[in-house]
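For reference, the chains in residue letters:
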Amino acid sequence: QVQLVESGGGLVQAGGSLRLSCSASGRTFSSYAMGWFRQAPGKEREFVGAITRSTGSTLYGDSVKGRFTIDRDNAKNTVYLQMNSLKPEDTAVYYCAATVGGRVSSWQSYDYWGRGTQVTVAS
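As a starting point, this report considers the structure included with it. (Residues numbered from 1 in each chain as written. Predicted model: local features only at pLDDT ≥ 70, side-chain atom pairs only at ≥ 80, totals over all residues. Heavy atoms only, no water.)

A look at unusual backbone geometry
Okay, step 1: Phi angles above zero are rare outside glycine, and Asn77 is one such case at about 55°.
Okay, step 2: Inspection of the secondary structure assignment puts Asn77 in the loop between strand S7 (68–73) and strand S8 (78–83). (Helix = DSSP H or I, 4+ residues; strand = E, 2+ residues; numbered from the N terminus.)

Quick word on the pairing of S8
Each regular strand displays side chains that alternate between the two surfaces of the sheet.
Okay, step 1: The buried count for S8 comes to 5 of 6 residues, which makes it a mostly enclosed element.
Okay, step 2: Two strands pair when backbone bridges link them, and strand S3 (residues 18–24) and S8 are joined in this way by 6 bridges, in the antiparallel orientation. Opposite Arg19, over in S8, you have Gln82 as the bridge partner.
Okay, step 3: Pairing analysis gives 6 bridges linking S7 to S8, with the strands arranged antiparallel. Considered in S8, the bridge of Asp73 is made with Thr78.
Okay, step 4: The hairpin turn running from S7 into S8, its antiparallel successor, is 4 residues long, and Asn77 in that turn takes a positive phi close to 55°. (Buried < 20%, exposed > 50% of the residue type's maximum accessible area, 1.4 Å probe, protein only. Pairing = 2+ DSSP bridges.)

Considerations on the state of the cysteines
Okay, step 1: In total, this model carries 1 disulfide according to the counting rule given.
Okay, step 2: A sulfur-sulfur distance of 1.9 Å marks the disulfide that ties Cys22 to Cys96. Taking the sign of the S-S torsion, 45° for the link of Cys22 and Cys96, the bridge is right-handed. With Cys22 in strand S3 and Cys96 in strand S9 (residues 92–99), this pair connects stretches of sequence that are 74 residues apart.
Okay, step 3: Owing to a relative accessible area of 0%, Cys22 belongs among the buried residues under this scheme. (Disulfide = S-S within 2.5 Å.)

Structure representation (structure tokens):
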């Protein structure tokens with residue numbers, strides 16, 4: 001069992017930056033690939049990015065590629081999402097999730113989810 005708690009969301013002006021954190025409980029954090037998803041009102045859940053459990057390889061959704069960066073600190077049981085050059089269309093609730101395997105870009109692969117943190121980008 002893994003419990004995930006996101007933090008770091010808030011209101012930011014377009015062009016600004018935010019760094020989200022996702023803290024995980026349990027001693028097996030390093031066993032999970034970690035993903036970030038987002039969901040805006042009236043829209044489907046969207047893949048933002050993911051980081052593998054061992055090599056730390058990353059994968060990003062097309063809409064955030066080049067602007068967002070994911071990294072993890074297994075010693076702190078934490079995964080981060082650095083968001084730069086934010087746009088109003090990045091406004092959404094951001095969720096972190098953990099998976100032991102499967103296609104990391106598919107939300108259906110994830111076993112555990114946080115409750116999300118709101119990110120609002122003002123134009």
